[in-house]
Amino acid sequence: MKVGVIGAGKWGSALAYAFGINNEVYITSRTPRDVDNFLPLEEILKCEYLIITVPAQEVARWLEENFIFSGQKVLVASKGIEASSGRFLNDIYKKHIPDENIAFLSGPSFAAEVIQSLPTALVVNSLNETLSSEFAALFPPFIKAYTSKDVIGAEVSGAYKNVIAIAAGICEGLGLGKNAAAALISRGLVEMQRFGKVYGAKDDSFVGLSGAGDLFLTASSTMSRNFRVGLGLAKGKTQDEIMKELGEVAEGIGTSYALHRIAQNKDLYLPIAKEVYAMLEGKNPQESLRDLLSS
Ligand SMILES: NC(=O)C1=CN([C@@H]2O[C@H](COP(=O)(O)OP(=O)(O)OC[C@H]3O[C@@H](n4cnc5c(N)ncnc54)[C@H](O)[C@@H]3O)[C@@H](O)[C@H]2O)C=CC1
Ligand SMILES: O=C(CO)COP(=O)(O)O
């Protein structure tokens, strides 16, 4: 099958490698790169299957300026909620791609491990079950791909776990111990599940790979960029300093701002996300800890 990957960052490169094992794969990015099978965007858009890894905060503009729908089957591999509007990715994409042509990838999957062919399990989520199965069949043998129709459950899980991962990094950075980390991760899971229910997400997604799976991975490892954002905040670094050092996307930041906006609009109780937002805005982490323990 002819697969085009859009975005040659960490995740796009790892997915191009993985899909390339059984398929003809091409990759593109904003600036030309000296990598195998690199093509300009106009050529990539001619592929039957597209994998899009453009970050959540950039994708609305990217679609407006670059995307032309001509029947392609699209797998969105990014995770996040748009900060400026509080829109989920499926809302943003809806304007450009019909529901039957789009799927969303979720589950615990560090790019650095996928690119080494380490065993990984993922979920392809789409309202179109045939499309999910088609994408699932494109993965190589070291990746087990499940399918689900719970697009919103996958989206909420993938976006929210990044915010909890920032909180977990702060917890580690402050030396609060394993009891606190376990409490934070389990209460984080409850918080994201409660949030997801507002949008009709299914419980199964939260206890499976998309929710608990990705949360446990991201909130317990320095391999996670979001976890490292938390470590930086615990050290008293500013958001700008942290982003400069990181040099890669950490979707939990934008998503924290999106959740803040949504919580205010819908009057939702999101205690951990609220404190992560406040710390990103400069609140002292010790003060946030006191507030979380007493709320
Ligand atoms: N790295 C990982 O392990 C995983 C990442 N993801 C998600 O995949 C998405 C991409 O992450 P990474 O590739 O790891 O980040 P990265 O920081 O390595 O690369 C980001 C890519 O997006 C492109 N990009 C940024 N702004 C753009 C714009 N305005 N227009 C076009 N392209 C633009 C960059 O050129 C770069 O190719 C994020 O939503 C992330 O949460 C999901 C699962 C695993
Ligand atoms: O989503 C991921 C793993 O599933 C990657 O997490 P980070 O963006 O925090 O590195």
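Every chain's residues receive numbers from 1 upward, in the order its sequence appears when written. In the order they appear in the text, chains get letters beginning with A and ligands get numbers beginning with 1. The predicted nature of this model means local features are confined to residues of pLDDT at least 70 and side-chain atom pairs, given and counted, to a pLDDT of 80 or more, with totals for whole chains, interfaces and linings taken over all residues. Excluded from the side-chain calculations are hydrogens and water; all other atoms, namely the structure's heavy atoms, are used.

A. Representation of the side chain of N162 within the structure. We count a stretch as a helix when DSSP gives it H or I for four or more residues in a row; a strand needs E for two or more, and each element gets its number in order from the N terminus. Turning to its location among the elements, N162 is positioned in helix α7 (residues 151-173). Buried means the residue's accessible area, taken with a 1.4 Å probe over protein chains only, is under 20% of the maximum for its type, while exposed means over 50%, and partly exposed covers the values in between. For N162, a relative accessible area of 3% translates into the label buried. Identification of polar contacts relies on pairs of N or O atoms within 3.5 Å, with a donor-acceptor requirement for protein atoms, meaning one able to donate a hydrogen and the other able to accept it, and with residues adjacent in sequence counted only if both atoms are side-chain atoms. Separated by 3.4 Å, the side chain of N162 and the backbone oxygen of G158 make a polar contact. Only heavy atoms enter the contact rule, under which two residues are in contact if any of them lie within 4.5 Å. Sequence-distant contacts of N162, defined by excluding residues within four places in its chain, comprise K79, T218, N226, E251 and G252.

B. Inspection of empty space enclosed by the protein at higher detail. With a 1 Å grid spanning the protein atoms alone, the term cavity applies to any set of points in which a 1.4 Å probe fits but cannot get out, the term pocket to an open set with protein on both sides within 12 Å along at least five of seven lines, and the term lining residue to any residue with an atom within 4 Å of a point. Grid points are joined across faces, edges and corners, and a volume is the space filled by probe spheres set on the points. A complete count under the given rule lists 1 cavity of 30 Å³ or more for this structure. What the largest cavity holds in volume is close to 80 Å³. Sorting the residues of the lining of the largest cavity by element identifies β5 (102-106) and α7 as the ones contributing at least two each. For the domain bounds, the source is a domain assignment made automatically or taken from a database. For the lining of the largest cavity, the domains that each give at least three residues are domain 1 (2-149) and domain 2 (152-294).

C. Fine view of the side chain of E275. Mapped onto the elements, E275 comes out in helix α14 (residues 271-280). If we skip the residues at most four places from it in the chain, E275 touches K283, S288, D291 and L292.

D. Region of the structure containing the domain arrangement of the chain. According to the domain assignment, the chain contains domain 1 (2-149) and domain 2 (152-294). Every contact between the two is made by 29 residues of domain 1 and, on the other side, 30 residues of domain 2. Both faces considered, domain 1 and domain 2 share a buried interface measuring about 2200 Å² in area, 66% of it formed by carbon and sulfur atoms. The term buried area means the drop in 1.4 Å probe accessible area that two parts suffer when joined, counted for both and summed. By the criterion of area lost to domain 2, the three top residues of domain 1 are K79, F88 and F110, representing 31% of everything that side buries. The salt bridge criterion pairs a side-chain nitrogen of Lys or Arg with a carboxyl oxygen of Asp or Glu, the two atoms within 4 Å. Where domain 1 meets domain 2, there are 2 salt bridges. Across the pair K79 and D214 runs a salt bridge whose closest N-O atoms are separated by 2.7 Å. Mapped by element, the contributors of at least two residues to the side of domain 1 that touches domain 2 are α4 (89-94), β5, α5 (111-114) and β6 (120-125).

E. Structural view of the packing of aromatic side chains. Centres within 6.5 Å are what make two rings of Phe, Tyr or Trp a pair, Trp counting through its six-membered ring; a difference in plane orientation under 30 degrees is then read as stacked, over 60 as edge-to-face, and the rest as tilted. Considering all chains together, one arrives at 10 aromatic pairs under this definition. Ring centres of Y93 and F104 lie 6.4 Å apart, and the angle between their planes is 85 degrees; on these two criteria the pair is classed as edge-to-face. Here F104 lies in strand β5 and Y93 lies in helix α4, a separation of 11 residues in the sequence. By the ring-pair criterion, three or more aromatic residues cluster together here, those being F88, Y160, F195 and Y199.

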